[in-house]
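Notes for the structure review
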Amino acid sequence: STVTSAMEFMAGAKAGYYAWQPFYKDLGASGMSDIEWGDGILYGPIVSFIFTPELSLSVAGLMGNQSTHWQSEFSDFEGGQSVSGDYAFDVFRADLDAVLSYRALENVRLFAGYKYLYMKVDFKYTELRTDDTSNNEIDEINLSSDSYNSYFHGPALGVGYAHPFSQYYFAAITVSGVYMWGNFSMNNSTGHNWSGITYSGPRKNDMADTSMRQIGLNVEPSIGFSPGKGMPIITLGFRYQRFWVQFTDNTSGQDHLPSKWLDDTMLGIFMSVVFMF
């Protein structure tokens, strides 16, 4: 028989609860330093092509919405102002991985893959600015809505270890690193501003694409149950994902964007159900 006729096929789905602390916290922008962890349900398909016992190709995706809402109070850098506000991040995330896996030892597999990550962040806030030098009179009120879009892609390498406890139960862990590059932009930015009691009208402040890069680490320990032929393989796992993000140019004229590495972390618990055909 040919390799094609002997090839096995696996398909299923993965879903979990994920908490995320975005790199925006490290930007130093108004109100963002107090960003609290956002959370949400992410889910997606899993598809694997098993060519031989040693070699397989897998494609897996995670997508969904995460959000965080917080309050912040701080002193502005200009003119003795105090700033307080309500802030909200609502995020759509799409995360796609294609991985080629090779079994190097009985329980050890090596991975090489490619990752694609898209995030759309809707940032809305209401800010009140008061003058500390004049009985806390209201200087300014801002109502703003911004949309940040980022696209990243790049190669990944990793290693996995699986340990069977019995015919049906097993534990596994994968550790991988990724390097990605991409673009960041701000679109559909609108705001309304009142200075004292004077309304200065709506404003728009879009931003052209700015190049970025990310270096990332992903660790996933899991336990699983494989009841036998014709039954699904069920896995319960934990994800620790940490990225270091950097703006690599300011061609859009946004000179206030930092050049330092920014910390982006996601933690999650998930369950996957996969059938073999």
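All figures in this text were calculated on a predicted structure; none of them were measured in a lab. (Residues numbered from 1 in each chain as written. Predicted model: local features only at pLDDT ≥ 70, side-chain atom pairs only at ≥ 80, totals over all residues. Heavy atoms only, no water.)

Let us now look at the packing of aromatic side chains. Taken as a whole, this structure holds 21 aromatic pairs when the rule is applied. Considering the side-chain rings of phenylalanine 123 and tyrosine 148, the 6.3 Å spacing of their centres and the 35 degrees angle between planes classify their relative orientation as tilted. Placement of the pair is phenylalanine 123 in strand E5 (residues 108-131) and tyrosine 148 in strand E6 (residues 137-164), with a sequence separation of 25 residues. Since its relative accessible area comes to 9%, tyrosine 148 is described here as buried. Taken together, the ring pairs connect Phe23, Tyr24, Trp70, Tyr87, Phe89, Phe123, Tyr125, Tyr148, Phe184 and Phe247 into an aromatic cluster. Seen from the ring of phenylalanine 270, lysine 14 lies directly overhead, with NZ or CZ sitting 4.1 Å from the centre. Positioned above the aromatic ring of tryptophan 20 is the side chain of arginine 93, whose terminal nitrogen or guanidinium carbon lies 5.0 Å from the ring centre. (Phe/Tyr/Trp six-rings, centres within 6.5 Å; stacked < 30°, edge-to-face > 60°. Helix = DSSP H or I, 4+ residues; strand = E, 2+ residues; numbered from the N terminus. Buried < 20%, exposed > 50% of the residue type's maximum accessible area, 1.4 Å probe, protein only. Lys NZ or Arg CZ within 6 Å of the ring centre and 35° of its normal.)

Attention now goes to the side chain of asparagine 218. Tracing the chain through its elements places asparagine 218 in strand E9 (residues 207-225). A relative accessible area of 12% places asparagine 218 in the buried class. A polar side-chain atom of asparagine 218 sits 3.4 Å from a polar atom in the side chain of arginine 239. Residues in contact with asparagine 218, not counting those within four places in the same chain, are Thr174, Val175, Ser176, Arg239, Tyr240 and Gln241. (Polar contact = N/O pair within 3.5 Å; in protein donor to acceptor, adjacent residues only side chain to side chain. Contact = heavy atoms within 4.5 Å.)

Among the structural elements, glutamate 140 can be located in strand E6. Each C-alpha atom of the pair glutamate 140 and valine 83 lies 9.4 Å from the other, and the pair is 57 residues apart in sequence.

Another aspect to go through is the nonpolar core. Formed by 33 residues in total, the largest nonpolar core has its most connected members in Tyr24, Phe89, Phe123 and Tyr148. Sorting the residues of this core by element identifies strand E1 (8-21), strand E3 (55-75), strand E4 (81-103), E5, E6, strand E7 (169-195), strand E10 (233-247) and strand E11 (262-276) as the ones contributing at least two each. Counting residues per element, this core draws most heavily on E5, which supplies 5 residues. Excluding residues that lie within four positions of it along the chain, tyrosine 24 makes contacts with Met32, Ile35, Phe89, Val121, Tyr148 and Phe184. (Core = buried A, V, L, I, M, F, W, Y, C linked by side-chain atoms within 4.5 Å.)

Moving on to the confidence of the model for the protein. When pLDDT is averaged across the protein, the result is 87; 83% of the residues are at 70 or more. At the level of individual helices and strands, the protein shows its lowest average pLDDT in helix H1 (residues 3-6), which scores 51, and its highest in strand E2 (residues 38-50), which scores 97. (pLDDT = per-residue confidence, 0-100.)

Turning next to the pairing of E11. Residues in a regular strand point their side chains to alternate faces of the sheet. Strand direction decides the pairing type here: E1 and E11, joined by 12 bridges, are antiparallel. Opposite alanine 15, over in E11, you have methionine 271 as the bridge partner. Strand direction decides the pairing type here: E10 and E11, joined by 13 bridges, are antiparallel. Paired with isoleucine 234 across the bridge in E11 is valine 273. (Pairing = 2+ DSSP bridges.)

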